[in-house]
Amino acid sequence: MELTLNQQAMSLAALMFVRGNASFESSLHDEEIAALQVLKQVKAVVSGVVNSQDALCAFCGLYRGPIFRTDDGLMVQCPDCGPFALDPASQRSWKLDDEWLIRKLRGALDITPQATTALIVDGVWDIGRYKKRPVVLARRIDLVERHGLRIFHGPEPRSKSWVITPRPLVRQPMDSLAGIATWWQLEDRFALHGLALRLLEPDQGEKADALQDGIPSVAVHGPFSEDFAWVHLEDWPHGPIRLTEAQAHLFAALWKHRSQPQSAEFLMREAGLGSERPIDVFKLKASNRGDPRYEGPLHVYEKLVLRQRRLGLYRLSFD
């Protein structure tokens, strides 16, 4: 079953919680990029330190090369692929805000604000009481198993706890804490709902996110939806085309100034993007070629954007 955008965001949050450190935006799949936008909106992530010295090659993905400046802007020198224009996304990294997750879990479980949160060991917290039983949050289930004696039988015994961890990356027996605690997997028992998390009943895992985030909006601005996230084109056989946030912002800028051609610099600044040319946000990774989900936005760009090469101006090719 295809996951909704909110479910994908919850899965990405869980993965970032497991990692505990910053993840480069360029290392995320396209679906994860969309999920990341949701996490940004709910303020679940914080930006990492920007590396201004080198960047991973956008083509081979094997080597990091030094960043240097030319008349055309910032470039990266891959030792194998040669020089290429720096993608700002390759420098951006994001980390899940642990305090955000703890606050939202406490809210979902209606834990009294007077209850304190305590760090038991690195990566394991006691976040309060739910139905009079301790709630233990951990980055991984193996941390709970490794430090079980301290967690459950230490100075503050926590027998019969609720233990919340992300789903293990490898197969793990579901009864690993049997008789000691009740294990909840974060992605299965909690769902994003607006700016909050909500606790799901055991049989609700497949019924979360009834808001249907993935349903395409109707065309409002020409072929674009009201938020420019979807495009409806009659010559595209695969249905409405979903745009990334950057692509949607660019088309919003093009639509706003559709009465007069504009320079690339003006449009990218208007869209709040760091790339130098509109085509930069439509480039395809080799692994995504042939997939309508990724070919669709490029088709929209090629069909609807007209470039006046001699003047370096861009405009929509329809009124």
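The structure we're discussing is the one just above.
Attention here is on the structure that accompanies the text.

Calculation criteria
- Residues numbered from 1 in each chain as written.
- Predicted model: local features only at pLDDT ≥ 70, side-chain atom pairs only at ≥ 80, totals over all residues.
- Heavy atoms only, no water.
- Axes fitted to C-alpha atoms, helices over the stretch in contact; angles between N-to-C directions.
- Helix = DSSP H or I, 4+ residues; strand = E, 2+ residues; numbered from the N terminus.
- Parallel < 35°, antiparallel > 145°, perpendicular 65-115°, else oblique.
- Contact = heavy atoms within 4.5 Å.
- Pairing = 2+ DSSP bridges.
- Buried < 20%, exposed > 50% of the residue type's maximum accessible area, 1.4 Å probe, protein only.
- Polar contact = N/O pair within 3.5 Å; in protein donor to acceptor, adjacent residues only side chain to side chain.
- Phe/Tyr/Trp six-rings, centres within 6.5 Å; stacked < 30°, edge-to-face > 60°.
- Lys NZ or Arg CZ within 6 Å of the ring centre and 35° of its normal.

## Focus on the packing of helix α1 (residues 5–19) against helix α2 (residues 30–41)
Next, step 1: The geometry of α1 relative to α2 is characterised by a closest axis approach of 8 Å and an angle of 90° between their N-to-C directions. The angle between α1 and α2 falls in the class roughly perpendicular. Between α1, through L5, N6, Q8, A9, L12, A13, L15 and M16, and α2, the contact on the second element is made entirely by E31, E32, A34, A35, L36, V38 and L39.

## Re the sheet that holds strand β21 (residues 313–316)
Hydrogen bonds between backbone atoms are what pair the strands of a sheet, whose relative direction is either parallel or antiparallel.
Next, step 1: Ordered by their spatial adjacency, three strands build an open sheet running β19-β21-β20, and the pairing between neighbours is antiparallel. Both edges of this open sheet fall to β19 (262–263) and β20 (305–308), since each of them pairs with a single strand only.
Next, step 2: Summarising the sheet, β19 and β21 pair through two bridges and their orientation is antiparallel. Considered in β21, the bridge of S263 is made with L313.
Next, step 3: With respect to the sheet, helix α7 (residues 245–256) is in contact with β20 and β21, its orientation differing from that of β21 by roughly 85°.
Next, step 4: Of the strands in this sheet, β20 and β21 are in contact with helix α9 (residues 292–304), which crosses β20 at around 55°.

## Looking at the side chain of D98
Next, step 1: With respect to the helices and strands, the residue D98 is situated in helix α3 (residues 98–108).
Next, step 2: Taking the relative accessible area as the measure of exposure, D98 reaches 13% and is therefore buried.
Next, step 3: For D98, the side chain forms a polar contact with the side chain of R139, separated by 2.6 Å.
Next, step 4: For D98, the contacting residues outside a window of four places in its chain are F17, W125 and R139.

## Some words on the packing of aromatic side chains
Next, step 1: Taken as a whole and judged by the stated rule, the model has 10 aromatic pairs.
Next, step 2: Residues F224 and F228 carry aromatic rings whose centres are separated by 5.4 Å and whose planes lie at 45° to one another, so their mutual orientation is tilted.
Next, step 3: Given the relative accessible area of 0%, F224 is considered buried.
Next, step 4: Relative accessible area serves as the criterion here: at 8%, F228 is assigned to the buried category.
Next, step 5: Relative to W255, the ring of F224 lies with its centre 6.5 Å away and its plane at 70°, an arrangement referred to as edge-to-face. Of the two residues, F224 is situated in strand β16 (residues 224–225) and W255 in helix α7; the sequence distance between them amounts to 31 residues. As far as the burial class goes, F224 and W255 line up, both buried.
Next, step 6: Aromatic rings pair up to connect F224, F228, F251, W255, F282 and Y301 into one cluster.
Next, step 7: We note R64 situated over the ring of F24; from NZ or CZ to the ring centre the distance is 5.5 Å.
Next, step 8: In this structure, R133 is placed above the aromatic ring of W162, and the distance from its NZ or CZ to the ring centre is 3.8 Å.

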